[in-house]
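Analysis of the macromolecular model
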Amino acid sequence: MARPQRPPLKPGVVYGEFANASGTVFVLRASRSGLRMAVCLHHDEGPQIAVVCNPTDASRRFIRWQSQLWSSNPKDWKDELKALAFAAIDTGLCSAPNSVGMP
């Protein structure tokens, strides 16, 4: 049986923040498992509006929308948020101490 690997992200650590065109601030925080990254509204304890799966692998990364923001906002808003989140993840992972690095 193989040994479990350490999670790629340090659980609970904030890896970055970004603002959309209307000035709303979003925070990227690693999940408890260290395998996903939460997109939180306003601060790291704010409502979680999305989860980024496979955040350390840009080729396999995708976003899962949560809450009513998923259905109540237009596709343009979601596309903007996704692009900003992915750019902030790339920046945050490369500049984090003990960086997990990007492929």
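What follows covers the overall build of the chain. Broken down by element type, the chain carries two helices and five strands. Reading the chain from its N terminus to its C terminus gives the helix and strand order β-β-β-β-β-α-α. For the chain, the share of sequence-separated contacts (at least 6 apart) that also reach a separation of at least 24 residues comes to 30%.

Here we come to the sheet that holds strand β1 (residues 14-19). Read across the sheet, five strands follow the order β1-β2-β3-β4-β5 without closing on themselves; strand pairing throughout is antiparallel. The open sheet terminates on both sides in strands that have one partner only, identified here as β1 and β5 (62-65). Direction aside, neighbouring strands of the sheet carry axes that sit 25 degrees apart on average. Summarising the sheet, strand β2 (residues 25-30) and strand β3 (residues 36-41) pair through five bridges and their orientation is antiparallel. Bridge pairing links alanine 30 to methionine 37 in β3.

This paragraph deals with the pattern of salt bridges. For the structure on display, the rule yields three salt bridges. A salt bridge links aspartate 57 to arginine 60; the nearest nitrogen and oxygen atoms lie 3.8 Å apart.

Turning our eyes to something else, we now look at the pairing of strand β4 (residues 48-53). For β4, a buried count of five out of six residues is recorded, marking the element as mostly surrounded by other parts of the structure. Counting the residues between successive antiparallel strands, the hairpin from β3 to β4 contains six residues, one of them, histidine 42, with a positive phi of roughly 75 degrees. Examined bridge by bridge, β4 and β5 share four bridges and lie antiparallel to one another. Along β5, the bridge assignment pairs valine 51 with arginine 64.

Moving on: the side chain of asparagine 20. You can see asparagine 20 is positioned in the loop between β1 and β2. A distance of 3.0 Å separates a polar atom in the side chain of asparagine 20 from a polar atom in the side chain of serine 22.

Unlike most non-glycine residues, histidine 42 shows phi in positive territory, near 75 degrees. Inspection of the secondary structure assignment puts histidine 42 in the loop between β3 and β4.

Low pLDDT means the predicted atomic positions in that stretch should not be read closely. Of all residues in the chain, 83% have pLDDT values of 70 or greater, and the mean over the chain is 83. When mean pLDDT is taken per element in the chain, β2 scores highest with 94 and helix α1 (residues 69-72) scores lowest with 73. For residues 99-103, every residue scores under 50 in pLDDT, and the model assigns this stretch 16 contacts once sequence neighbours within four places are set aside.

Reading the values: the criteria
- Residues numbered from 1 in each chain as written.
- Predicted model: local features only at pLDDT ≥ 70, side-chain atom pairs only at ≥ 80, totals over all residues.
- Heavy atoms only, no water.
- Helix = DSSP H or I, 4+ residues; strand = E, 2+ residues; numbered from the N terminus.
- Contact = heavy atoms within 4.5 Å.
- Pairing = 2+ DSSP bridges.
- Axes fitted to C-alpha atoms, helices over the stretch in contact; angles between N-to-C directions.
- Salt bridge = Lys/Arg side-chain N within 4 Å of Asp/Glu carboxyl O.
- Buried < 20%, exposed > 50% of the residue type's maximum accessible area, 1.4 Å probe, protein only.
- Polar contact = N/O pair within 3.5 Å; in protein donor to acceptor, adjacent residues only side chain to side chain.
- pLDDT = per-residue confidence, 0-100.

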